[in-house]
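# Structural overview
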Amino acid sequence: MNEKINECTALYWIWKNTSHDYVGLNHYRRYFYNNSMKNTGNYLNKEVVSNLLDKYDLILPETHPMSVEMKEIDRLRTTMDIHAFETGYTLIRKAIKSNQPDYLQVFDDVMNSHNIFVCNMFVTKHEVLNAYCEWLFSFLIEVAEEIDVSHYDDYSKRVVGFFAERMWTVWLRKQKLRIKELPYDEI
């Protein structure tokens, strides 16, 4: 399902196949920094992770508020084929309503907000990952199986993954977790 759900394929594998105390995910081109000093010698390391996860439940990328003129739903809509967006949005919303109804209003709020956690990057304790993945995959695989992306361009085929990227923010709005935001960069 990698074509449809992007890095959530790796997320699913980590969830089902690891038992380490700490788990995380970054991309082949995006990396966390230890702090605000952004240089290649300052990528997030094991010692910093260990110290931070003594105080926090979750390390996520810094949020980047958007201008008040553009909501998250508008930003996402402009990044891909409009039919892919509309289909993905309808299917994700329907699946959340069916499988996680307590999160439907939160999903709507996040999509109409101006500030989210991006990139599906994180480092956390395994029990936090388990709770998040149980929630996320209770509807994400259903959507990925239902959507036909064969007629979209390669970028728009990733529509389900793009919506999945917003799900950390949706899920976290109903959790009481201590979050440490760290800067990140693309290489």
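You'll find the structure just up there.
Attention in this report is confined to the structure presented alongside it. (Residues numbered from 1 in each chain as written. Predicted model: local features only at pLDDT ≥ 70, side-chain atom pairs only at ≥ 80, totals over all residues. Heavy atoms only, no water.)

What follows concerns helix 6 (residues 104-111). Counting buried residues in helix 6 gives six out of eight residues, a clear majority hidden from the surface. Residues of helix 6 that are buried include every one of Leu104, Val106, Phe107, Asp108, Val110 and Met111, and no others. Against helix 4 (72-77), helix 5 (82-99), helix 9 (159-165) and helix 10 (167-172) lie the buried residues of helix 6. (Buried < 20%, exposed > 50% of the residue type's maximum accessible area, 1.4 Å probe, protein only. Helix = DSSP H or I, 4+ residues; strand = E, 2+ residues; numbered from the N terminus. Contact = heavy atoms within 4.5 Å.)

With that out of the way, let us pick up the sheet that holds strand 1 (residues 22-25). The strand order across the open sheet formed by four strands is 1-4-3-5, and the pairing between neighbours is mixed. Edge positions in the sheet fall to strand 1 and strand 5 (179-182), since each of these pairs with one other strand and no more. Pairs of neighbouring strands in the sheet enclose a mean axial angle of 20°, with direction left out of account. Looking at chain direction, strand 3 (residues 58-61) and strand 4 (residues 122-125) are connected through two bridges and run antiparallel. Opposite Ile59, over in strand 4, you have Val123 as the bridge partner. Along the sheet, helix 2 (residues 8-17) makes contact with strand 1 and strand 4, crossing strand 1 at roughly 170°. (Pairing = 2+ DSSP bridges. Axes fitted to C-alpha atoms, helices over the stretch in contact; angles between N-to-C directions.)

The next point concerns helix 3 (residues 46-55). Residues of helix 3 that are buried: Val49, Leu52 and Leu53. Burial along helix 3 is one-sided: seen end-on, the buried residues are contained in an arc of 95°. For helix 3, the exposed residues set more than 90 degrees away from the buried face come down to Glu47, Asp54 and Lys55. Residues of helix 3 that are buried sit in contact with strand 1, strand 3, strand 4 and strand 5. Near the N-terminus of helix 3, the side chain that reaches the backbone nitrogen of Glu47, with its oxygen 3.1 Å away, is that of Asn45. (Arc of directions from axis to C-beta. Polar contact = N/O pair within 3.5 Å; in protein donor to acceptor, adjacent residues only side chain to side chain.)

Let's shift gears to the side chain of Lys4. With respect to the secondary-structure elements, Lys4 resides in helix 1 (residues 2-5). Look at Lys4: it is buried, it has no salt bridge, and the nearest opposite charge is Glu3 at 6.2 Å. In terms of polar contacts, Lys4 uses its side chain to reach the backbone carbonyl oxygen of Ala144, at 2.7 Å. Setting aside residues no more than four positions away along its own chain, Lys4 makes contact with Ala144, Glu145, Ile147, Val149, Lys157, Arg158, Val159, Val160 and Gly161. (Lys, Arg positive; Asp, Glu negative; His and termini not counted. Salt bridge = Lys/Arg side-chain N within 4 Å of Asp/Glu carboxyl O.)

This part is about the pattern of salt bridges. Here the structure, examined in full by the defined rule, presents 13 salt bridges. Lys94 is paired through a salt bridge with Glu146; the nearest N and O atoms lie 3.3 Å apart. Linking Lys94 in helix 5 with Glu146 in helix 8 (residues 140-146), this pair joins segments that are 52 residues apart in sequence. Looking at Lys94, the relative accessible area reads 44%, which means it is partly exposed.

For Gln100, the position within the fold is in the loop between helix 5 and helix 6. Residue contacts for Gln100: discarding those within four places in its chain leaves Ala95, Trp135, Ser138 and Phe139.

Of the two faces of strand 1, the one holding Val23 and Leu25 is buried and the one holding Tyr22 and Gly24 is not buried anywhere. Across four bridges, strand 1 lies against strand 4 in antiparallel orientation. Of the residues in strand 4, the one forming a bridge with Leu25 is Phe122.

Another aspect to go through is the packing of helix 5 against helix 6. One way to put it is that helix 5 packs onto helix 6 with a least axis distance of 9 Å and a crossing angle of 150°. Classified by the interaxial angle, the pair formed by helix 5 and helix 6 is roughly antiparallel. Seen from helix 5, the contacting residues are Tyr89, Ile92, Arg93, Ile96 and Lys97; seen from helix 6, they are Leu104, Phe107, Asp108 and Met111. For the contact of helix 5 with helix 6, a count of residues per class yields six nonpolar, no polar and three charged. (Parallel < 35°, antiparallel > 145°, perpendicular 65-115°, else oblique. Nonpolar A, V, L, I, M, F, W, Y, C, P; charged D, E, K, R; others polar.)

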